[in-house]
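# Close look at the chain arrangement
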Amino acid sequence: MSERAAVDMFFDPLCPWAWITSRWLLEVEKVRNVDVRFRVMSLSVLNEGRDLPEEYQELMRTGWGPVRVCIAVEQRYGQDAVRKLYTALGTRIHLGREKLTRELFVAALTDVGLDPALADVAEGGDHDEALRASHEAGMRPVGTDVGTPVIHAPGPDGGTIAFFGPVITPAPKGEAAGRLWDGVLLVAATPGFYELKRSRDLDPIFD
């Protein structure tokens, strides 16, 4: 059996498109020799200082909370706990339509057996240095004109290939998920390949 490859996906719990991509990657794990690690980037960090509509600015102010909680969990419990917490947060945020409050963070932490007191870090900046470092690690290879999801995967030459996307809806299942993975890796590993895009005509579908 070939060795399983480590793949990193950088996420912000706010993003519905990243959530769908993450569910696709969980399907990919079942049909390809990859193990996915979920790591934190921050749309709030990414959009600092940008001229944004007021409604989006408010979302970015609220967005500090969940990524701070994720970083605190990573520091205390490790990568596997972040994976579990992301699933709990995403289920509540995107499927349950719950608001980003301390109560949501407490509930998500409790869902996966983590210290609910870590919800308190959402309002403070004690973990922001580590948050910014994780964000920088994710975004450095792809630049700042993209958001999340960002994926880092082993390339055919042994180096790392990094890319934004794929933006998909709904998430493919089974072998269809594997075929998409094969195709994404093929184009992303092609030297000089930068973009493949078309207008979205569907809202996120959380199947």
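Nothing here was measured: the structure is a model prediction, and the numbers come from that model.

So, on to the environment of Ala119. You can see Ala119 is positioned in the loop between α6 (102–111) and α7 (128–139). Measuring from C-alpha to C-alpha, the distance between Ala119 and Glu103 comes to 8.2 Å, with 16 residues separating the pair along the chain. Non-local contacts of Ala119, meaning those with residues more than four positions away in its chain, are made with Val69, Arg102, Phe105, Val106 and Leu109.

Along the chain, the position of Ala177 falls in helix α8 (residues 174–188). Along the backbone, Ala177 and Val31 are 146 residues apart, and their C-alpha atoms lie at a distance of 7.9 Å. Beyond its immediate sequence surroundings of up to four residues, Ala177 is in contact with Trp24, Glu27, Val28 and Pro172.

Counting 60 residues, the largest nonpolar core has Trp24, Leu85, Ile151 and Trp181 as the members making the most contacts within it. Look past the residues within four positions of Trp24 in its chain and what remains in contact with it is Ile151, Pro166, Ile168, Ala171, Pro172, Ala177, Leu180 and Trp181.

In space, the four strands of this open sheet follow the order β2-β1-β3-β4, with mixed pairing throughout. Each having just a single partner strand, β2 (34–40) and β4 (160–164) make up the two edges of the open sheet. For this sheet, the mean angle separating the axes of adjacent strands, direction not counted, is 20°. Of the strand pairs in this sheet, strand β1 (residues 5–11) and β2 are connected by seven bridges, and their pairing is parallel. Counted as the bridge partner of Phe11 is Val40 from β2. Relative to the sheet, helix α1 (residues 16–31) contacts β1, β2 and β3 (150–154), its axis offset from that of β2 by approximately 155°.

Moving on to a nonpolar patch on the surface. On the surface, a cluster of nonpolar side chains totalling about 400 Å² of accessible area is made up of Leu186, Val187, Phe193 and Leu196. Accessibility expressed as a relative area gives 73% for Leu196, which makes it exposed.

Looking now at the side chain of Asp128. Inspection of the secondary structure assignment puts Asp128 in helix α7. Relative accessible area serves as the criterion here: at 12%, Asp128 is assigned to the buried category. Setting aside residues no more than four positions away along its own chain, Asp128 makes contact with Trp64 and Arg68.

About the thresholds
For every chain, the first residue of its written sequence is number 1, and the numbers climb from 1 along that sequence. Restriction of local features to residues with pLDDT of at least 70 applies here, the model being predicted, together with a cutoff of 80 or more for giving and counting side-chain atom pairs; totals for whole chains, interfaces and linings are based on all residues. Side-chain calculation: all heavy atoms of the structure are included, whereas hydrogens and water are not. The numbering of helices and of strands both runs from the N terminus, where a helix is a DSSP run of H or I of at least 4 residues and a strand a run of E of at least 2. A contact between two residues is defined here by any heavy atoms of the two lying within 4.5 Å. In these notes, a set of buried Ala, Val, Leu, Ile, Met, Phe, Trp, Tyr and Cys residues joined through side-chain atoms within 4.5 Å is what counts as a nonpolar core. With a 1.4 Å probe rolled over the protein chains alone, any residue whose accessible area is under 20% of its type maximum counts as buried; one over 50% counts as exposed, and the rest are partly exposed. Here, a strand pair is defined by DSSP locating no fewer than two bridges between the strands. Here an axis means a line fitted to C-alpha atoms, over the contact stretch when the element is a helix, while the angle between two N-to-C directions is reported on a 0 to 180 degree scale. Think of a patch as exposed residues, more than 30% relative accessible area, with no salt bridge, where like charges cluster within 9 Å and nonpolar side chains (Val, Leu, Ile, Met, Phe, Trp, Tyr) cluster within 5 Å. Reported accessibility uses the Shrake-Rupley method at a 1.4 Å probe radius. Residues are deemed covered only where the shown protein chains occlude them. Whenever a carboxyl oxygen of Asp or Glu lies within 4 Å of a side-chain nitrogen of Lys or Arg, that contact is scored as a salt bridge.

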